[in-house]
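For reference, the chains in residue letters:
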Amino acid sequence: MLELSGVQSGYGETRVLHGMTFRARPGRVLAILGRNGAGKSTTLKTVMGLLPATAGQISFQGRPLHRERPHRIARMGLGYVPETRDIFASLTVRENLDLAARRFPVPPGGWTRDRVLDLFPRLGERMGNGGMQLSGGEQQMLAIARTLLMNPRLLILDEPTEGLAPIIVRLIHDRLMDLKRTGLSMVLVEQNFGFATSLADDVVIVSKGQAVWSGGPSDIRADTGAQHRWLGV
Ligand SMILES: Nc1ncnc2c1ncn2[C@@H]1O[C@H](COP(=O)(O)OP(=O)(O)OP(=O)(O)O)[C@@H](O)[C@H]1O
Ligand SMILES: [Mg+2]
């Protein structure tokens, strides 16, 4: 579904990705794990066209992505929830949702405002609140809801649980599990090992801008050596 091959990218003169290679398969959840600064967010930003790939190939459903503009990449069906959540703080929950819904047509059986509110009823109670008044968990729910309204074929999440209380982490976990059950393909970057491995079908570990390990969630749970070496667990 999404395939990276030998991708290099970085910030100005600083190269961060040194030949990133992995693939995400349709209908599956791929977890990308790795220490702070390993290049996980840089990988996602490069996929989304927010940073240019200076070498290598990125393709989505067989079509090259690495020369496309970010808005084109989103139109092709990649929905991205960044680390920063990027909701509009000055707009209400309703306005944030409507803005997302208006930009993208709803395919048959697709995500509508009612459907995302069924997934996150808490947002329904907060419709008139401004983005700034939301808790971290509510902001994350809104960020995911907005992205679903774009009806992506692949949902890409960068550390959705960062900074959230355990009860909210649990809730986000269960909702992502619901999404997985619908067959939605996902790429999940996470520091929370338990969270990531319980959702993932496939795992790739990134270190110093390269994929250094790949396997299944049970493989990495059993491989304490790899955990210690690559994740510092
Ligand atoms: N805007 C930027 N300008 C310059 N260097 C950056 C920028 N953002 C990240 N970097 C550097 O790129 C490297 C990889 O960062 P990246 O954000 O991809 O890591 P990460 O794996 O997502 O880590 P974390 O788990 O902390 O989010 C780090 O050395 C970081 O300092
Ligand atoms: Mg990051």
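Look up: the structure comes first, before these words.
Residues numbered from 1 in each chain as written. Chains lettered and ligands numbered in written order. Predicted model: local features only at pLDDT ≥ 70, side-chain atom pairs only at ≥ 80, totals over all residues. Heavy atoms only, no water.

Trainee: Tell me about the pattern of salt bridges, and name the residues and values.
Mentor: In a structure, side chains of opposite charge can pair up when their charged atoms sit close to one another. What the rule picks out here adds up to 10 salt bridges. Across the pair Arg122 and Glu138 runs a salt bridge whose closest N-O atoms are separated by 3.0 Å. You can see Arg122 sitting in helix H5 (residues 121-125) and its partner Glu138 sitting in helix H6 (residues 136-149), a full 16 residues away along the chain. Across the pair Arg126 and Glu138 runs a salt bridge, and its minimum N-O distance is 3.0 Å. (Salt bridge = Lys/Arg side-chain N within 4 Å of Asp/Glu carboxyl O. Helix = DSSP H or I, 4+ residues; strand = E, 2+ residues; numbered from the N terminus.)

Trainee: How would you summarise the site of ligand 1 if you had to cite specific residues and measurements?
Mentor: Around ligand 1, the structure places 13 residues, and the nearest of them are Gly37, Lys40, Ser41, Thr42 and Gln191. Contacts to ligand 1 include Lys40, whose side-chain N or O atom sits 2.8 Å from an oxygen atom. One of the side-chain nitrogen or oxygen atoms of Ser41 is found 2.8 Å away from an oxygen atom of ligand 1. Coverage of ligand 1 by the protein amounts to 60% of the 630 Å² it exposes when considered alone. (Near = heavy atom within 4 Å. Polar contact = N/O pair within 3.5 Å; in protein donor to acceptor, adjacent residues only side chain to side chain. Areas by Shrake-Rupley, 256 points an atom, 1.4 Å probe, with all protein chains shown as cover.)

Trainee: If you had to explain the sheet that holds strand S7 (residues 154-158) to someone new, which residues and values would you point to?
Mentor: Strand order across the open sheet formed by 6 strands is S6-S7-S8-S3-S9-S10, with mixed pairing between neighbours. The open sheet has two free edges, formed respectively by strand S6 (78-81) and strand S10 (210-215), since each of these has just one partner strand. On average, adjacent strands in this sheet sit at an angle of 20° to one another, irrespective of strand direction. Strand direction decides the pairing type here: strand S3 (residues 29-33) and strand S9 (residues 202-207), joined by 4 bridges, are parallel. Its bridge partner lying in S9, Ala31 is registered against Val203. Against the sheet, H6 touches S6 and S7, its axis set at about 170° to S6. Relative to the sheet, helix H7 (residues 166-181) contacts S3, S7 and strand S8 (185-189), its axis offset from that of S8 by approximately 150°. (Pairing = 2+ DSSP bridges. Axes fitted to C-alpha atoms, helices over the stretch in contact; angles between N-to-C directions. Contact = heavy atoms within 4.5 Å.)

Trainee: Hey, could you go over the coordination of the magnesium ion (ligand 2) for me, with residue numbers and the actual values?
Mentor: The magnesium ion (ligand 2) binds to the protein through Ser41 (OG) and Glu83 (OE); the donor distances cover 2.0 to 2.6 Å. With Ser41 in helix H1 (residues 40-47) and Glu83 in the loop between S6 and helix H3 (93-103), this residue pair connects regions lying 42 residues apart in the sequence. (Donors = N, O, S within 2.8 Å, 3.2 Å for Na, K, Ca; no water.)

Trainee: Provide a residue-level description of the layout of surface pockets, including the pertinent values.
Mentor: Each pocket or cavity is described by its volume, and for the largest pocket that value is around 420 Å³. Looking at the largest pocket, it is lined by 19 residues, and the ones nearest its centre are Met48, Ala74, Tyr80, Arg103 and Met150. By residue number, the principal contributor to the lining of the largest pocket is helix H2 (residues 70-75), which donates 4 residues. Of the residues in the lining of the largest pocket, the class split is 12 nonpolar, 2 polar and 5 charged. (1 Å grid on protein atoms, 1.4 Å probe; cavity = no way out; pocket = protein on both sides within 12 Å on 5 of 7 lines; lining within 4 Å. Points joined across faces, edges and corners; volume = space filled by probe spheres on them. Nonpolar A, V, L, I, M, F, W, Y, C, P; charged D, E, K, R; others polar.)

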